[in-house]
Amino acid sequence: MSKVNDKRIQDRITKLASEVNELRFRYHVLDDPGVTDEIYDSLTQELIEFETKYPQFRLKNSPTQRVGGHPLEKFEKVKHLHRMLSLTDAFGESEVQAWEGRIKKILPDEKFDYFCEVKFDGLAISLRYEQSELVVAATRGDGFVGENVTANIKTIQSVPLDLSAEGGSAFGGEVRGEVVMTKQVWENLNKQQEKEDKPLYVNTRNAAAGSIRQLDPKITASRKLQFYAYDIVTDLGLRTHQEVHGKLKALGFKQYAYQKHAKNLEEVFKFFHEIEKMRKHLPFGIDGIVVSVNNLATFKRLGAVGKAPRGMIAFKFPPEQVTTVVEDIIVQVGRTGKLTPIAKLRPVFVSGTTVSRATLHNEDEIRRLDVRISDTVVIQRAGDVIPDIVEVLPKLRTGHERKFVMPRVCPICGSEVSKKAGMVDYVCTNKYCFAKQARGIRHFVSKGAFDMAGIGPKILDKFIEEGLIEDAADLFDLKEGDIVPLERFAEKSAVNIVAAIQNAKKVTLPKFIYALGILHVGEETAFDLSQRFGSMEKLMRASKQDINAIPNIGEVVAESAHNWFLRRRNQDLIRRLLKAGIQIEKIKVKHTPLTGKSIVVTGSLEKLSREEAKEAVREAGGDWVSSVSKNTDYVVVGENPGSKADKAEKLGVKTIDEKEFLKLLGR
Ligand code: IVH
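How each quantity is defined
- Residues numbered from 1 in each chain as written.
- Predicted model: local features only at pLDDT ≥ 70, side-chain atom pairs only at ≥ 80, totals over all residues.
- Heavy atoms only, no water.
- UniProt positions renumbered as here; feature names shortened; annotations may be inferred.
- Helix = DSSP H or I, 4+ residues; strand = E, 2+ residues; numbered from the N terminus.
- Buried < 20%, exposed > 50% of the residue type's maximum accessible area, 1.4 Å probe, protein only.
- Contact = heavy atoms within 4.5 Å.
- Areas by Shrake-Rupley, 256 points an atom, 1.4 Å probe, with all protein chains shown as cover.
- Lys, Arg positive; Asp, Glu negative; His and termini not counted.
- Charge placed at Lys NZ, Arg CZ, Asp CG, Glu CD.
- Core = buried A, V, L, I, M, F, W, Y, C linked by side-chain atoms within 4.5 Å.
- Expected span 1.5 Å × (residues − 1).
- Near = heavy atom within 4 Å.
- Polar contact = N/O pair within 3.5 Å; in protein donor to acceptor, adjacent residues only side chain to side chain.
- Nonpolar A, V, L, I, M, F, W, Y, C, P; charged D, E, K, R; others polar.
- Phe/Tyr/Trp six-rings, centres within 6.5 Å; stacked < 30°, edge-to-face > 60°.
- Axes fitted to C-alpha atoms, helices over the stretch in contact; angles between N-to-C directions.
- Parallel < 35°, antiparallel > 145°, perpendicular 65-115°, else oblique.
- Left-handed = near helix turned anticlockwise from the far one by under 90°.
- Pairing = 2+ DSSP bridges.
- Right-handed = clockwise from strand over helix to strand, strands pointing away.

In the annotation of an unreviewed UniProt entry, the protein chain is listed under the name DNA ligase. Recorded under Function (unreviewed entry), the UniProt text for the protein chain is reproduced unchanged: "DNA ligase that catalyzes the formation of phosphodiester linkages between 5'-phosphoryl and 3'-hydroxyl groups in double-stranded DNA using NAD as a coenzyme and as the energy source for the reaction. It is essential for DNA replication and repair of damaged DNA." UniProt's Sequence similarities (unreviewed entry) comment on the protein chain is quoted here verbatim: "Belongs to the NAD-dependent DNA ligase family. LigA subfamily."

So, the overall build of the protein chain
For the protein chain, the helix and strand inventory stands at 27 helices and 26 strands. When its C-alpha atoms are laid out on the principal axes, the protein chain stretches across 95 × 90 × 40 Å. Counting over 667 residues, the protein chain shows a buried share of 47%. Taking the contacts inside the protein chain whose residues are at least 6 apart along the sequence as the reference set, 68% of them involve residues at least 24 apart. In the structure as shown, the protein chain presents an accessible area of about 34,400 Å², 50% of it carried by carbon and sulfur atoms. When the 103 positive and 92 negative side-chain charges of the protein chain are each reduced to one mean point, those points stand 1 Å apart.

Section: the nonpolar core
Formed by 58 residues in total, the largest nonpolar core has its most connected members in Phe444, Met452, Leu475, Phe476 and Leu516. Discounting residues that sit within four places of it in the chain, phenylalanine 476 has contacts with Phe444, Phe450, Met452, Ile501, Gln502, Lys505, Leu577, Ala580 and Ile582. Counting 34 residues, the second-largest nonpolar core is a separate cluster that includes Phe75, Phe171, Leu189 and Leu248.

Some details on helix H23 (residues 555-566)
For H23, which comprises twelve residues, the first-to-last C-alpha distance of 16 Å matches the rise-based estimate of 16 Å (1.5 Å per residue) to within 8%. Taken as a whole, H23 has its buried residues at Val557, Ala558, Ser560, Ala561, His562, Trp564 and Phe565.

Quick look at the site of the ligand
Near the ligand lie 14 residues; those nearest to it are Val118, Phe120, Arg140, Glu178 and Tyr230. Glutamate 117 has a polar side-chain atom sitting 3.1 Å from a nitrogen atom of the ligand. In this structure, glutamate 178 approaches the ligand through a side-chain N or O atom, which is 2.7 Å from an oxygen atom. In the complex, the protein chains occlude 91% of the 510 Å² of accessible area that the ligand would expose alone. For the shell around the ligand, the element with the highest residue contribution is strand S3 (residues 114-120), accounting for four residues. Across the shell around the ligand, the residue classes break down as nine nonpolar, one polar and four charged.

Here we look at the UniProt feature "active site" (unreviewed entry) in the protein chain
Per the UniProt record, "active site" (unreviewed entry) is annotated on Lys119. Tracing the chain through its elements places lysine 119 in strand S3. Excluding residues within four positions of it along the chain, lysine 119 makes contact with Leu87, Ile286, Asp287, Gly288, Ile289, Val290, Ala314 and Lys316.

Some words on the packing of aromatic side chains
Inspection of every chain in the model, using the stated rule, returns 21 aromatic pairs. Ring centres of tyrosine 129 and phenylalanine 253 lie 5.8 Å apart, and the angle between their planes is 80 degrees; on these two criteria the pair is classed as edge-to-face. Of this pair, tyrosine 129 sits in strand S4 (residues 123-130) while phenylalanine 253 sits in the loop between helix H9 (241-250) and strand S9 (259-262), and the two are 124 residues apart along the sequence. For the pair tyrosine 129 and phenylalanine 253, one class covers both residues: buried. Chaining the aromatic ring pairs together yields one cluster made of Phe120, Tyr228, Tyr256, Tyr258 and Phe284.

Things to note about the packing of helix H13 (residues 433-445) against helix H14 (residues 457-465)
Contact geometry of H13 with H14 gives a least axis separation of 10 Å together with a crossing angle of 130 degrees. When the interaxial angle is binned, H13 and H14 end up oblique. Note on packing geometry: the crossing formed by H13 with H14 is right-handed. Every residue of H14 that contacts H13 at Phe434, Gln437, Ala438, Ile441, Arg442 and Val445 is listed here: Pro457, Leu460, Asp461, Ile464 and Glu465. Residue composition of the contact of H13 with H14, grouped by class: seven nonpolar, one polar and three charged.

Some words on the side chain of glutamate 365
Relative to the assigned elements, glutamate 365 resides in helix H12 (residues 363-369). Side chain to side chain, glutamate 365 and arginine 368 meet in a polar contact 3.1 Å long.

A few points about the pairing of strand S25 (residues 634-637)
Alignment of strand S23 (residues 598-602) against S25, held across four bridges, turns out to be parallel. The residue of S25 that forms the bridge with valine 600 is valine 635. As paired elements, S25 and strand S26 (residues 654-656) share three bridges and run parallel to each other. Note on S26: the bridge partner recorded for valine 636 is isoleucine 656. Crossover connection from S25 via helix H26 (residues 643-651) to parallel S26: handedness right-handed.

A short note on helix H6 (residues 183-195)
Here H6 spans 19 Å end to end across 13 residues, near enough to the 18 Å set by a 1.5 Å rise per residue. Where H6 is buried, its residues meet helix H7 (204-212). A positive backbone phi angle near 60 degrees is found at aspartate 197, which sits one or two residues after H6.

Re the sheet that holds S25
Each strand in a sheet pairs with its neighbour through backbone hydrogen bonds, running either in the same direction (parallel) or in the opposite one (antiparallel). Taken in spatial order, the four strands make up an open sheet running S24-S23-S25-S26, and their pairing is parallel. Each edge of the open sheet is held by one strand with a lone partner, namely strand S24 (623-624) and S26. Across two bridges, S23 lies against S24 in parallel orientation. Residue pairing across strands places isoleucine 599 opposite tryptophan 624, the latter belonging to S24.

So, the environment of serine 374
Within the secondary structure, serine 374 sits in the loop between H12 and strand S17 (376-380). In the structure, serine 374 is positioned 260 residues away from tyrosine 634 in sequence and 64 Å away in space, judged by C-alpha atoms. Those residues within four positions of serine 374 in sequence are excluded, and the remaining contacts are Val325, Val326, His400 and Glu401.

Laid out in structure tokens, this is it:
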């Protein structure tokens, strides 16, 4: 091919790429498509064709390269150049005034003006650009180290891959913003999930987060996410936060229309109320506004408290309040032995998520609210905390409500509880109580038992400590909304945790028995018990002698198991597990070449005894039969075979030797 021709093709590719990118920008960033979809599609198509034919001319950041690559195994960790902070919440104007009071006290001579913008309810992402090129996109993680989700972020059409066209000279630095999903897209996604029998996303935030946490970028691409940029953490010599937004816009980042410079708090409040009125009609979820000290030098001088900058605040919409019923009051024992009463609620949707628990703090709080079991109560979720009970609605009482009394012995270990004079909290006197509880639940989720992938000790300890779970059965009641407030520590999203738990509901009987953590009942014994009794009900009714009669099970083990099943608390646990929908499966047979085949063995084998061969065939999903017929699939011929080998020959049944047999068994 001639040089001239080459040059022409290269030119055409460059022009097409630049035009497609320009159209993308108009459509996805400015929400103002310049041309019809058909034109956009046909230019893109032509570009793809050229690039396929002449890959040597494809531009590195070609708009065709957004969705590509293979699904990842896992997300790598990335260290942020600058820590990703969070914001302090303020509810109501008085809390915002108090905030202004604090910063004015720190810098008394300063004149403050503010910048207001909506607070998106999505997933925070940091984008690192080098030489104007997007190199890494990461989630917040713990603020210092996040997860590398670059391939997924690239699929978001409003994220610029290359800033050179827009921003002029080479840009390097980190841009922060929020990935969001519109309510419309979320609804359609859930319809699709429902059709495919997949779990629904409880709100747009979880859907956005769940879509970014996909290992396959093609899935993320299908989720139609958007990215709104709100900060540049690199010093570009800009003076105000308002200028930062101007710069972001100039660099080609999508900006939300509702932003406002406010001279004082009065103007901030006005903006807040305008946004609050519009909230319902906005295409995506927001949970308040973000108010920043506009002057960046002042902002910097104010510094940070803990994880939050002093010069910025999340002015949140008032927490939603809903009514529900207290189904029970249980007591949770924390790491320090402290007993916390927890209300188990009829699950209810509040502030975007379903919750099933509320903390009652201590006995005094229960007395103050006069909350009783079966009461109808008002709950609210304020910010990132487990819901509080605000008040009881006594008019709805029927007379069947029960008062709660703090137990005198620890509900976990049975030790005495004590309360020091002048203190509000009861404490379990057994200092190993928490550890015992934690150990039991860890065992329950472990590999040989329910095998809940990814639910490690850290997560479980936190759940116990927060009063979300007290025993293994509680795991199955967890709702995403219960976990969301704790999510930051856990790295795994609430959606994934709940899914992992729900997906573990099917177990074999031996695994179920093993999971109970009965003293002396290991995997082998659990297997023997399951073989002998065949069901949980039968095992629970078995006498000590019945159990002891099983070969391999001695008196000590029999006694331990029998006593375990006698205890009310344990019976209750099993009842609750079954009620939660645990499905006990027939022992899973492996899928092998022998599955569904009928097998006869004749003669003796070198590697396996007859019993072992029988078990191996069954485990492999085959049928062990004793006589040869034309329906027999294989006759395994060992040493000194009997007449069965001859019969097989006559009937034309396939005969195999031990070596082949072992191979079919996968050994
Ligand atoms: S500024 C110090 N602006 O809210 C972090 N954050 O609660 C300041 N968010 O981590 C970030 N909309 O995920 C900022 N317009 C906005 C925001 C916003 C949503 C999120 C962001 C942040 C969290 C803090």
